[in-house]
Every structure is written in C-alpha cells, then in structure tokens.
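Coordinate inspection notes
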Amino acid sequence: MMRSQILIVDDEKSFVRSMAFALSEAGFHTRSAHTGEDALTLLADEPADLVLLDLRLPGMHGMEVLAEVTRLYPGLPVIMISAHGDTRAAVQAVKAGATDYLTKPFALDELLHIIDTVTDRARMREELDYHRQRSANASGLVGSSQAMQSLWQTVQRVASSSTGRVLLLGESGTGKAVVARAIHEQSPRAEGAFVEINCAALPEQLIEAELFGAEKGAYTGAHQKRSGLVSLAHGGTLFLDEIGELPLSLQAKFLHFLENGDYRPVGATASHTADVRVVAATNRSLEEEVRAGRFREDLYFRLNVIELTIPPLRERGEDLQELLDRFIEAQAREEGCRPVTIPPETLERLQAYNWPGNVRELRNLVERLTILHPGQRIRPDQLPHEFHPVEDSTSDQAATTSLEQKLEHTERQMIRQALDQTGGHKGKAAEQLGMSRHAFKRRLQRLGLL
C-alpha cells in the first residue's frame with residue numbers, strides 16, 4: 001500500500017526534525033520546509049497528500065500560504081499548527097479552508113488521529129468521485145475534458161431537481177439523446193420509463209396519436225385503441241428530439257399538457273393525466289423559429305426552464321481518444337471481431353479534423369473501419385477522403401480519387417448548402433433538393449451529418 005506524503009512547514013527546525021522522525025516511524029513519507037515560499041516550491045515539484053502548516057512563519061504568513069495552497073491545490077488537506085495564544089487565528093484558518101488545527105504542544109496520538117480522519121475523508125471523496133465517474137460512463141457520457149465534466153455536474157444537479165422541463169441545445173450528432181437518458185438515469189424517476197420520440201421521423205398526422213394515444217376508429221387505420229407515449233412515460237421521462245419539428249397545430253395541445261399534466265387521446269371524450277418529466281432537444285434556434293411564426297413563444301418559454309448546451313466534438317478534442325476507445329470496443333463486440341487500433345499518425349489526422357457530424361460521425365467512422373478492416377492497425381490512407389488534406393486538383397491524389405468519393409463529396413456540399421440556406425430546417429432543405437423528408441434523413445444518416 002502506498003504511504004502518504006506529508007509536508008511539514010515550520011520554522012522551528014527541532015520541531016520539524018522530531019515530527020519527521022515520529023511520522024516516519026508511523027509509516028508516512030515526510031518532507032519539510034522552513035518558510036512558506038519553500039513549501040510552495042516543494043509542492044510545485046512534487047505533490048503531497050497532506051500539509052502540516054505552522055501559522056507563524058518568516059516571510060509569507062501561514063494564512064497567506066494557506067490561501068495559495070487552497071487556490072493551487074484544491075482538495076489538498078491542510079492541518080494548521082498554532083501556538084497556544086493563536087487558537088482564534090487557527091479557527092479562522094479552518095474557516096478559510098484548512099482541514100483542522102492543532103495547538104502546540106500536542107501529543108503525537110492526537111496528530112495521528114487527525115491525520116487518519118483527514119486521509120479517510122480524502123479516500124471517501126476519491127471513491128465517491130470514482131463511482132460518480134462510473135455512473136457517468138454507465139449513462140453514456142464519455143470524456144474527461146473540462147466541458148464534459150461541467151456538463152456532467154449540471155446533469156446531476158438537473159436530474160436531482162424537481163423541474164419537469166429541460167431543453168437541450170447543440171449541433172446535430174453531439175449526443176443530446178445520451179444526455180437526456182443520463183438525466184433520467186440520475187434522477188429519482190430512474191425506475192420509471194424513458195420514452196423517446198423523434199418529432200421529425202413521423203408524419204404530421206400521426207404525431208398526436210403517437211404522443212397522446214387514440215381511440216379505436218379515431219382516424220383511418222386506427223383499428224384498435226392505442227396508448228400514447230405520454231401514458232407510457234408516466235412516472236418517468238419523455239424525450240422529444242427535434243422539438244422544432246412539432247407541428248404548429250399540435251403545439252397548443254402539448255403546451256396544455258405541460259401546464260396541467262392533462263391530455264386527451266385522439267377521438268376520446270375524457271381527459272387523462274400523467275406525471276412526466278419532459279426533456280426536449282433541438283439543433284435549431286427556437287427563438288428564430290418563434291420570430292418566423294413556426295413555433296409558439298409560450299411553448300418555448302414553458303420548455304426552456306432549464307437549458308443545457310451540448311458542446312460539439314471540435315471543442316472537446318481531448319475526449320477524442322476516450323471516445324475512440326469506447327466505440328472501438330463496443331463495435332468489435334457487436335461485430336464479433338478483434339478491435340481495430342489507431343496508431344499515433346492516424347490519431348493525429350483524426351484530431352486535425354473538424355467533425356461536422358460530431359460524436360455520431362465518429363461512431364459511424366469506427367463502425368465503417370471495424371467492418372472494412374477488422375483487427376487491423378488503421379493507416380491514415382485507410383480513412384475516408386474527408387480526413388485527407390485538400391490538395392491541388394492537378395495532384396496525383398486528385399487524379400486517382402474514385403467516382404464514388406467525388407459523388408459523396410458533392411452530395412455533402414449540396415446538403416450542407418441547402419441546410420445553410422434554410423436555416424437548418426430539414427423539411428425545407430429536403431424540399432429544396434427535391435426529395436422526401438424521410439429520404440433526406442436517410443442521406444444525412446449515411447453521410448454522418450444527422
């Protein structure tokens with residue numbers, strides 16, 4: 001078992017020597033400093049597990065050293081040592097961030113008891129952080145970047161709150177569905193159902209029945225009574241992806257449900273109630289949709305109680321390796337083959353890429369590489385053409401580019417241009433390109449743009 005490192009900071013050299021000897025006999029590693037400046041230098045060179053800090057020091061005062069230690073090394077336990085007349089100052093030091101204090105002279109057993117208590121607390125915090133991280137990974141949120149850690153902390157706060165409405169914003173492919181499920185799984189509603197609906201995936205005339213249910217004969221093809229997703233989500237979470245695609249004619253009914261918990265199945269005469277947390281997601285600006293008259297302002301404000309923005313992959317590049325490892329392992333298991341490996345030169349190419357399709361595009365790439373090159377070490381030239389630097393059209397690479405790659409590149413450009421011209425509205429972009437919404441969605445999925 002690794003022994004704890006204790007830094008003793010005191011200007012009385014005889015006291016430091018006796019403390020170092022006693023703590024070494026008790027099984028600790030010790031280092032010592034006689035000034036605050038030297039203590040900060042030692043901490044910068046090598047971390048410590050605990051600091052014994054005298055209140056009165058030459059040069060920097062003990063309180064100044066404490067302030068620097070708590071600023072530079074948050075969570076590092078500091079036990080203040082004070083002379084008999086400095087007890088009040090020692091208490092102030094605890095309020096300023098010290099873990100505990102001792103008044104000279106003190107018994108070694110008293111010191112060892114405090115050290116044991118402090119190290120036990122630190123160990124418990126580490127275990128709690130470990131289990132929280134495992135819980136985050138189990139919920140699908142992968143990444144140790146600052147952006148993802150901040151997102152995970154917000155998810156935990158939102159999940160444990162009483163709010164019934166959350167709005168997730170972010171580019172397509174950033175993982176809004178994963179965040180929605182994480183909110184559900186970290187909440188008191190985790191035992192209930194997590195029910196998901198993509199508002200852009202269903203014909204307009206069927207969305208109301210899908211949400212609220214329908215009586216037999218309520219519409220053509222309704223051969224039997226059906227329960228809606230709101231009913232299935234009672235006591236749990238209802239996730240509405242692409243909420244901006246919710247038909248304007250249905251928005252008033254959905255607003256009524258959000259305000260009262262009441263809904264009426266299609267063709268029914270009686271109302272029902274459901275206790276549901278609603279998480280909605282969009283990659284479009286609902287404020288712009290409101291201004292354009294395509295989305296009700298009152299529904300927007302009702303949904304937007306808590307707003308979370310999911311960072312794009314290009315803003316969390318330090319998570320790329322962790323995401324790759326997760327997807328490679330999962331894809332190899334699904335395909336029943338050995339996993340691919342990504343050498344440094346290939347990883348460098350991936351890190352230089354802008355990832356317009358975000359995490360979904362990365363997952364699609366791993367799936368493609370696993371199917372085409374199972375168990376292989378992936379060379380940069382085995383990556384799709386979009387991962388290669390653009391070269392002059394007269395180069396040998398451009399001359400040998402396959403027709404399939406040229407067509408795919410052109411198709412991507414046309415789709416992105418259509419989405420830009422329609423403000424990201426998939427239905428209008430599909431219409432502009434002369435294809436159905438469902439065909440357009442399949443193209444987006446195949447190209448990793450959805």
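Preceding this paragraph is the structure being described.
Bear in mind the structure is a predicted one, so any value in this text is a computation, not a measurement.

Another point: the overall build of the protein. Of the regular secondary structure elements, the protein holds 19 helices and twelve strands. Per-residue burial for the protein yields a buried fraction of 45% across its 450 residues. A sequence separation of at least 24 residues applies to 68% of the contacts in the protein between residues at least 6 apart. Split by element, the accessible area of the protein, about 23,500 Å² in all, is 49% carbon and sulfur.

This part is about the sheet that holds strand β3 (residues 50–54). With respect to topology, five strands assemble into an open sheet ordered β2-β1-β3-β4-β5, the strand pairing being parallel. Either end of the sheet is taken by a strand with one partner, and the two such strands are β2 (29–33) and β5 (100–103). Strand-to-strand twist in this sheet, taken as the mean axis angle between neighbours without regard to direction, amounts to 20°. Bridge analysis of β3 against strand β4 (residues 78–82) gives four bridges, and the strand direction is parallel. Counted as the bridge partner of Val 51 is Val 78 from β4. Relative to β5, helix α4 (residues 87–95) is tilted by about 165°, and along the sheet it contacts β4 and β5.

By the criterion of burial, strand β8 (residues 237–241) is predominantly enclosed, with five of the five residues buried. Of the two faces of β8, the one holding Thr 237, Phe 239 and Asp 241 and the one holding Leu 238 and Leu 240 are both buried throughout. By the bridge criterion, five bridges tie strand β7 (residues 194–198) to β8 in an arrangement that is parallel. Within the sheet, the bridge partner assigned to Asn 198 lies in β8 and is Asp 241.

Now for the packing of helix α13 (residues 320–335) against helix α15 (residues 358–372). The geometry of α13 relative to α15 is characterised by a closest axis approach of 9 Å and an angle of 45° between their N-to-C directions. As summarised for this structure, α13 and α15 are arranged oblique, according to the angle between their axes. With respect to the hand of their crossing, α13 and α15 are arranged in right-handed fashion. Of the residues in α15, those touching α13 at Leu 320, Leu 323, Leu 324, Phe 327, Ile 328, Gln 331, Ala 332 and Glu 335 are Val 359, Leu 362, Arg 363, Val 366, Glu 367, Thr 370 and Ile 371. Looking at the contact of α13 with α15, its residues break down into ten nonpolar, two polar and three charged.

Time to look at the pattern of salt bridges. Under the definition given, this model contains 15 salt bridges. Where salt bridges share partners, they join Glu 245, Arg 284, Glu 289 and Arg 294 into one cluster.

With that out of the way, let us pick up helix α10 (residues 248–260). Given a rise of 1.5 Å per residue, 13 residues ought to cover 18 Å, and the 19 Å separating the end C-alpha atoms of α10 matches this to within 8%. Looking one or two residues past α10, Gly 261 carries a phi angle of roughly 75°, positive in sign.

Core analysis: the biggest nonpolar cluster contains 31 residues, and Leu 211, Leu 238, Ile 243 and Phe 254 have the highest contact counts within it. The element contributing the most residues to this core is α10, with five residues.

Enumeration over the complete set of coordinates arrives at ten aromatic pairs. Here Phe 15 and Phe 106 contribute two aromatic rings whose centre-to-centre distance is 6.1 Å and whose plane-to-plane angle is 85°, an arrangement assigned as edge-to-face. You can see Phe 15 sitting in helix α1 (residues 13–25) and its partner Phe 106 sitting in the loop between β5 and α5 (108–138), a full 91 residues away along the chain. The same class applies to Phe 15 and to Phe 106, which are both buried. Ring geometry for Phe 194 against Phe 239: centres 6.2 Å apart, planes inclined by 20°, an arrangement best described as stacked. Taken together, the residues span a long stretch of sequence, with Phe 194 in strand β7 and Phe 239 in strand β8 at a distance of 45 residues. Phe 239 matches Phe 194 in its accessibility class, with the two residues each being buried. An aromatic cluster of three or more residues is present, and its members are Phe 212, Phe 254, Phe 257 and Tyr 263. When the ring centre of Phe 15 is taken as origin, the NZ or CZ atom of Lys 104, which lies over that ring, is 4.4 Å away. The side chain of Arg 363 reaches across the aromatic face of Phe 327, ending 5.9 Å from its centre.

Turning our attention to the side chain of Asp 54. Mapped onto the secondary structure, Asp 54 falls in strand β3. One buried charged residue, Asp 54, forms no salt bridge at all, with the nearest opposite charge on Lys 104 at 4.0 Å. Ignoring sequence-local partners within four residues, the contact set of Asp 54 consists of Val 9, Asp 10, Asp 11, Gly 62, Met 80, Ile 81 and Lys 104.

With that settled, the discussion passes to the packing of α13 against helix α14 (residues 344–352). Between two packed helices, the angle of one axis relative to the other and the distance separating the axes together describe the packing. Where α13 contacts α14, the axes come no closer than 11 Å and their chain directions differ by 115°. Judged by the inter-axis angle, α13 sits roughly perpendicular to α14. The way α13 lies across α14 gives a crossing that is right-handed. In contact with Leu 320, Gln 321 and Leu 324 of α13, α14 contributes Leu 347, Leu 350 and Gln 351. Taken together, the residues of the contact of α13 with α14 sort by class into four nonpolar, two polar and no charged.

What counts, and at which threshold
- Residues numbered from 1 in each chain as written.
- Predicted model: local features only at pLDDT ≥ 70, side-chain atom pairs only at ≥ 80, totals over all residues.
- Heavy atoms only, no water.
- Helix = DSSP H or I, 4+ residues; strand = E, 2+ residues; numbered from the N terminus.
- Buried < 20%, exposed > 50% of the residue type's maximum accessible area, 1.4 Å probe, protein only.
- Contact = heavy atoms within 4.5 Å.
- Areas by Shrake-Rupley, 256 points an atom, 1.4 Å probe, with all protein chains shown as cover.
- Pairing = 2+ DSSP bridges.
- Axes fitted to C-alpha atoms, helices over the stretch in contact; angles between N-to-C directions.
- Parallel < 35°, antiparallel > 145°, perpendicular 65-115°, else oblique.
- Left-handed = near helix turned anticlockwise from the far one by under 90°.
- Nonpolar A, V, L, I, M, F, W, Y, C, P; charged D, E, K, R; others polar.
- Salt bridge = Lys/Arg side-chain N within 4 Å of Asp/Glu carboxyl O.
- Expected span 1.5 Å × (residues − 1).
- Core = buried A, V, L, I, M, F, W, Y, C linked by side-chain atoms within 4.5 Å.
- Phe/Tyr/Trp six-rings, centres within 6.5 Å; stacked < 30°, edge-to-face > 60°.
- Lys NZ or Arg CZ within 6 Å of the ring centre and 35° of its normal.
- Lys, Arg positive; Asp, Glu negative; His and termini not counted.

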